[in-house]
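For reference, the chains in residue letters:
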Amino acid sequence: MRVYVPLTLAGLAAAHRAGELGPGPLTAYAVTPALREWYVSDDIEELEYAALSRAASASLRLIAGDPQAVRRRVVVAVDVADGDAVADPDHILDGSSLGEVTIASAVPLAKAAAVHVDSDDADEDVTAAAAALGAADLGDDDAQFTVDGAEDHELLWFGVQEIPGLIG
């Protein structure tokens, strides 16, 4: 099963040093039954993209919670055994946790398929979105518009071997 782990650039650097994503439990995003139902699609590529987008939103939350974090969203795509990614049955229908799964233990970085990171030109929008996230959560439409501005930026794809250049 492909899962998408949200990080910051500092988190990616720590994972690179340790050789693993962790320690567990890890929050990740995947194509879950609830995500399939919400997205109403059978196209696996569209569903995977939806899971990646959910992880990018979670990365934005990590950035918002760390004033020192570089303002670039980071998501690592990792392949794990199906039984290793577990959705919380108490939150299956909760819209804010669609696609969310928990992985109990650390995952070797060698299982990563790719790294997705914002380009430099997203910094201004990601910075603004991180600052507006709290107000958006409280229902402020203008703040939500600002958060959506970060989501307009597509994450770039990088091979795992390119991590040293990303964290350099």
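Figured I'd write up the structure that's included with this text. (Residues numbered from 1 in each chain as written. Predicted model: local features only at pLDDT ≥ 70, side-chain atom pairs only at ≥ 80, totals over all residues. Heavy atoms only, no water.)

1. Description of the pattern of salt bridges
Defined as follows: The rule for a salt bridge is simple: a side-chain nitrogen of Lys or Arg has to be within 4 Å of a carboxyl oxygen of Asp or Glu. Each helix is a run of DSSP H or I of at least 4 residues and each strand a run of E of at least 2, with the numbering of both proceeding from the N terminus. Burial classes follow relative accessibility: with a 1.4 Å probe on protein chains only, a residue under 20% of its type's maximum area counts as buried, one over 50% as exposed, and anything between as partly exposed.
Tallied over the full model, the rule gives four salt bridges. One salt bridge connects arginine 61 with aspartate 137, and the closest N-O pair in it is separated by 2.7 Å. Note that arginine 61 is positioned in helix H3 (residues 44-64) and aspartate 137 in helix H4 (residues 123-137), a separation of 76 residues in sequence. With relative accessibility at 43%, the residue arginine 61 sits in the partly exposed group. A relative accessible area of 47% places aspartate 137 in the partly exposed class. For the salt bridge of arginine 72 with aspartate 120, the shortest nitrogen-to-oxygen distance reads 3.4 Å. Highlighted residues: arginine 72 in the loop between H3 and strand E4 (74-79) and aspartate 120 in the loop between strand E8 (112-117) and H4, separated in sequence by 48 residues. Looking at arginine 72, the relative accessible area reads 14%, which means it is buried.

2. Quick notes on the nonpolar core
Test applied: Note on terminology: a nonpolar core comprises buried Ala, Val, Leu, Ile, Met, Phe, Trp, Tyr and Cys residues joined through side-chain atoms within 4.5 Å. We call two residues in contact whenever any of their non-hydrogen atoms come within 4.5 Å of each other.
The biggest cluster of nonpolar side chains holds 25 residues, and the ones touching the most others in it are Val3, Leu12, Leu21, Val76, Val78, Ile103 and Val115. Among the elements of the structure, strand E1 (2-7), helix H1 (9-18), strand E3 (26-29), E4, strand E6 (100-103), E8 and helix H6 (163-167) are those that each provide at least two residues to this core. Setting aside chain neighbours within four positions, we find leucine 21 in contact with Val5, Leu7, Ala15, Leu26, Val76, Val78, Ala106, Val107 and Leu109. Counting residues in hydrophobic clusters, the runner-up holds 16 residues, among them Tyr29, Ala55, Ala56 and Ala77.

3. Observations concerning the side chain of glutamate 48
We count it as follows: Charge assignment in this entry is limited to Lys and Arg as positive and Asp and Glu as negative, and neither His nor the chain termini are counted.
Mapping glutamate 48 onto the fold places it in helix H3. Arginine 2 provides the closest opposite charge to the buried, salt-bridge-free glutamate 48, at an N-O distance of 5.5 Å. If we skip the residues at most four places from it in the chain, glutamate 48 touches Arg2, Tyr4 and Val31.

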